[in-house]
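Working through the structure, step by step
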Amino acid sequence: MSKGQFNGYMQLLRDSYRPENLDAVMCRSLISVDWQGYLYDCDFNQMLDLPIAMPGLIGRDRPHLRDLLRSASLDDNPIVTRDHCYACTAGQGSSCGGALDNH
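All of the points below concern the structure found in this document. What you see is a predicted model, and the numbers here were worked out from it, not measured in a lab. (Residues numbered from 1 in each chain as written. Predicted model: local features only at pLDDT ≥ 70, side-chain atom pairs only at ≥ 80, totals over all residues. Heavy atoms only, no water.)

On a plain count of helices and strands, the chain comes out with 4 helices and 2 strands. Moving toward the C terminus, one meets the helices and strands of the chain in the order α-β-β-α-α-α. Expressed as a percentage of its 103 residues, the buried residues of the chain come to 29%. Residue pairs in contact within the chain that sit at least 24 positions apart in sequence constitute 53% of those at least 6 positions apart. Total accessible area computed for the chain in this model is approximately 7,300 Å², and 54% of it derives from carbon and sulfur atoms. (Helix = DSSP H or I, 4+ residues; strand = E, 2+ residues; numbered from the N terminus. Buried < 20%, exposed > 50% of the residue type's maximum accessible area, 1.4 Å probe, protein only. Contact = heavy atoms within 4.5 Å. Areas by Shrake-Rupley, 256 points an atom, 1.4 Å probe, with all protein chains shown as cover.)

On the surface, Ile 31, Val 33, Leu 65 and Leu 69 cluster together into a nonpolar patch covering about 340 Å² of accessible area. You can see Leu 65 is positioned in helix H3 (residues 65-70). Exposure remark for Leu 65: the relative accessible area of 33% places this residue in the partly exposed category. (Patch = residues over 30% accessible without salt bridge, like charges linked within 9 Å, V, L, I, M, F, W, Y side chains within 5 Å. Salt bridge = Lys/Arg side-chain N within 4 Å of Asp/Glu carboxyl O.)

This part is about the packing of aromatic side chains. Taken as a whole and judged by the stated rule, the model has 1 aromatic pair. Between Tyr 17 and Tyr 86, the ring centres sit 6.1 Å apart and the planes meet at 85 degrees, which makes this aromatic pair edge-to-face. Pair noted here: Tyr 17 is in the loop between helix H1 (6-15) and strand E1 (32-33) and Tyr 86 is in helix H4 (residues 86-89), with a separation of 69 residues, a long-range link. Under the relative-accessibility criterion, Tyr 86 is labelled partly exposed at 27%. (Phe/Tyr/Trp six-rings, centres within 6.5 Å; stacked < 30°, edge-to-face > 60°.)

Our focus in this paragraph is the state of the cysteines. Under the counting rule described, the total for this entry stands at 0 disulfides. Take Cys 42: it sits in no disulfide, and the sulfur closest to it among the cysteines is that of Cys 85, at 6.1 Å. (Disulfide = S-S within 2.5 Å.)

We now examine the layout of surface pockets. Of the volumes computed, that of the largest pocket is approximately 400 Å³. In this structure, the largest pocket is lined by 24 residues; those nearest its centre are Val 25, Cys 27, Cys 42, Cys 85 and Cys 88. For the lining of the largest pocket, the secondary structure elements donating two or more residues are helix H2 (43-47) and H4. When residues in the lining of the largest pocket are grouped by element, the largest group, 3 residues, is from H4. For the lining of the largest pocket, the per-class residue count stands at 15 nonpolar, 5 polar and 4 charged. Volume-wise, the second largest pocket comes out at about 210 Å³. Lining the second largest pocket, in full, are Cys 27, Arg 28, Ser 29, Leu 30, Ile 31, Asp 41, Ile 52, Leu 74, Asp 75, Asp 76, Asn 77 and Ile 79. (1 Å grid on protein atoms, 1.4 Å probe; cavity = no way out; pocket = protein on both sides within 12 Å on 5 of 7 lines; lining within 4 Å. Points joined across faces, edges and corners; volume = space filled by probe spheres on them. Nonpolar A, V, L, I, M, F, W, Y, C, P; charged D, E, K, R; others polar.)

This is a description of form; function is not addressed.
See the structure below:
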């Protein structure tokens, strides 16, 4: 049952954005792979069915593990972002990575 607090929570996350946390968010160094081998920037994107962006992938918009194995690197690959990403950059950072900044 919704308590009508979603918009307020999202605003709190936006207001708590800390750019110094960007270097340590999980999507900068890890990827998520679903049970079928499809790739995502993070678990949140996987649950929202937002596949990783792999420029140059021809004919498909859902990169698979086999595409990554053929590619040399994901360095400088764009990260798919949406409003939920504020959760990983707010306050002391993502709960998945622990406290990222003590300021």
